[in-house]
Structures are given as C-alpha cells and as structure tokens.
Amino acid sequence: MFCCTALHGVFVMMVPAIPKRMTRQRRLVLDELKRLKNHPSADYLFGVVRQKMPNISLGTVYRNLDVLVNTGLALRLDLAGGQCRYDGDISPHYHIRCVLCGDLDDLPVSAVAGIDNPRVLESNYAVMGWRMEFDGVCPACRNKTDEDSGNGKEAPGMIAPFPRVIVTDTELED
Ligand SMILES: [Zn+2]
Ligand SMILES: [Zn+2]
C-alpha cells in the first residue's frame, strides 16, 4: 500500500520507506537521470548509461527505473500519446510538451496559475487522480516556423499554445 499527497497539484507518491539497496547500477541510472534535463525515455537513458556501463541491459535499466519510481526517487511521466518519460527532479513542477518536436520541458509551479484544486463532482468512477499536460510549441520550433515563413512573424496555421499540464492530484476525498 502507498499513500499519495499533492504538492501544488503535482503528483507525489509517498511510499513507506522501504530501504532499497543502492546498487552501482541503480546509482548510475539515478545519477544520469538527474543529470539529463530532457526527461528521457527508458530507451534514451539506456543509451546514455550504456556508455558508462557497457554490459548493462535495457531490462536492468527498466527494473531500476521501476524501483526508483516506486521509492519516490524519480518520477514516471505517463504522458498522453507517447512513451513514458522519466524525471530525476522530484521537486514539484509541471511539464510542457512541444507538439512539433516532442520535447518535454519543465514549468515551474510559479509559472502556472488556476489549477490548484480541481475535483470531480460527479462520476461513476472511483477517482484516483488527475493529470493535465501543457502542450505548446517550443522556442526552437517557433524560431524554425518563423524562419520557414520567411517573415519572422507567426506562420499561418501555427498552433497557438493551449493549456494541458501533466499533473496528478491524488488527494482523495470521501
Ligand atoms: Zn519543439
Ligand atoms: Zn520535470
């Protein structure tokens, strides 16, 4: 069993402290995950970790990510329509994904307003949490779109950023 709480609406799962041995492999997976700021997929992280520990397998990376997530040392971001991504930054923050290149960036809590306390008023579901994703167009893609349009102005058909955040609030009220 685990309990969950919400910090600024950001999903935080608190697992009873189950001491887990920090093996060399697990330490490396965690260190590289913390170092990378791009919220890597397991495959991407595997490619990075393998350069330092050539005999590590993808399965081992997955297993260690599971342990890190389950013990609260890393976050798994189950974003809509994509591979799971992982985050070594467990401080409260939101994420924003570029709809053009798929980049996933951090959004500080202070940059977001108006989503403090969402709740389901009516549903047949036993609601366990919620999430939102912010989608947008990242600065690099915006520049590229501007260059392609040749006039430095917003290109026709450019998608205006619209809100969707990844957040899971697991505070349950009976
Ligand atoms: Zn982009
Ligand atoms: Zn993040």
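Residues numbered from 1 in each chain as written. Chains lettered and ligands numbered in written order. Predicted model: local features only at pLDDT ≥ 70, side-chain atom pairs only at ≥ 80, totals over all residues.

Colleague: Is there a simple way to explain the overall build of the protein in this structure?
Modeller: Helix and strand content of the protein: four helices and seven strands. Each helix and strand of the protein, ordered N terminal to C terminal, gives the series β-β-α-α-α-β-β-β-β-β-α. The long-range fraction of contacts in the protein, counting pairs at least 24 apart against all pairs at least 6 apart in sequence, stands at 61%. (Helix = DSSP H or I, 4+ residues; strand = E, 2+ residues; numbered from the N terminus. Contact = placed C-beta atoms within 7 Å.)

Colleague: I'm lost on the nonpolar core in this one. Help?
Modeller: Nonpolar side chains in soluble globular proteins tend to end up buried together. If you look at the biggest cluster of nonpolar residues, it comprises 13 residues, and the most contacted ones within it are V29, A42, L45, V61, L65, A74 and Y86. Of all elements in the fold, only α1 (24-35), α2 (42-52), α3 (58-70) and β3 (75-77) reach the threshold of two or more residues within this core. The element best represented in this core is α2, accounting for four residues. Here A42 is in contact with V61, Y62, L65, C84 and Y86, once residues within four sequence places are set aside. (Core = buried A, V, L, I, M, F, W, Y, C linked by C-beta atoms within 7 Å. Buried ≥ 20, exposed ≤ 12 C-beta atoms within 10 Å, placed from the backbone.)

Colleague: What should I look at first to understand the confidence of the model for the protein in this one?
Modeller: Atomic detail in the predicted coordinates should be set aside for any region of low pLDDT. When pLDDT is averaged across the protein, the result is 79; 72% of the residues are at 70 or more. For the protein, per-element mean pLDDT is lowest for strand β1 (residues 3-7), which scores 39, and highest for α2, which scores 97. Segment residues 1-17: pLDDT under 50, and 37 contacts once partners within four positions in sequence are set aside and those in other chains are kept. Under a pLDDT of 50 for its full length, residues 152-174 has, in the predicted model, 55 contacts with residues more than four places off or in other chains. (pLDDT = per-residue confidence, 0-100.)

Colleague: For this particular structure, what's the right way to read the sheet that holds strand β5 (residues 93-98)?
Modeller: Two pairing modes exist for strands in a sheet, parallel and antiparallel, and in both the strands are linked by backbone hydrogen bonds. A sheet is described by the order of its strands in space; here three strands give the open sequence β6-β5-β7, paired in mixed fashion. Edge strands, defined here as strands with exactly one partner in the open sheet, are β6 (104-108) and β7 (134-136). Ignoring strand direction, the axes of neighbouring strands in this sheet form an average angle of 35°. Strand direction decides the pairing type here: β5 and β7, joined by three bridges, are parallel. (Pairing = 2+ DSSP bridges. Axes fitted to C-alpha atoms, helices over the stretch in contact; angles between N-to-C directions.)

Colleague: Before we go on, may I ask you to explain the packing of α2 against α3 in this structure?
Modeller: Packed helix pairs are characterised by how far apart their axes lie and by the angle those axes make with each other. At a minimum axis separation of 9 Å, α2 and α3 run at an interaxial angle of 115°. The orientation of α2 with respect to α3, classified from their angle, is roughly perpendicular. α2 and α3 meet at a crossing whose hand is right-handed. Contact residues: α2 offers A42, L45, F46 and V49, while α3 offers L58, V61, Y62 and L65. Residues belonging to the contact of α2 with α3 are distributed by class as follows: eight nonpolar, no polar and no charged. (Parallel < 35°, antiparallel > 145°, perpendicular 65-115°, else oblique. Left-handed = near helix turned anticlockwise from the far one by under 90°. Nonpolar A, V, L, I, M, F, W, Y, C, P; charged D, E, K, R; others polar.)

Colleague: Would you mind showing me how to read the environment of A42 here?
Modeller: One can find A42 in helix α2. Residue A42 is classed as buried on the basis of its 21 C-beta neighbours within 10 Å. On a C-alpha basis, the gap between A42 and V29 in space is 9.9 Å, while along the polypeptide they are 13 residues apart.

Colleague: Sorry if this is basic, but what is going on with unusual backbone geometry here?
Modeller: Even without glycine at this site, H39 takes up a positive phi of about 50°. Inspection of the secondary structure puts H39 in the loop between α1 and α2. Among the residues examined, H39 registers 24 C-beta atoms within 10 Å and is labelled buried.

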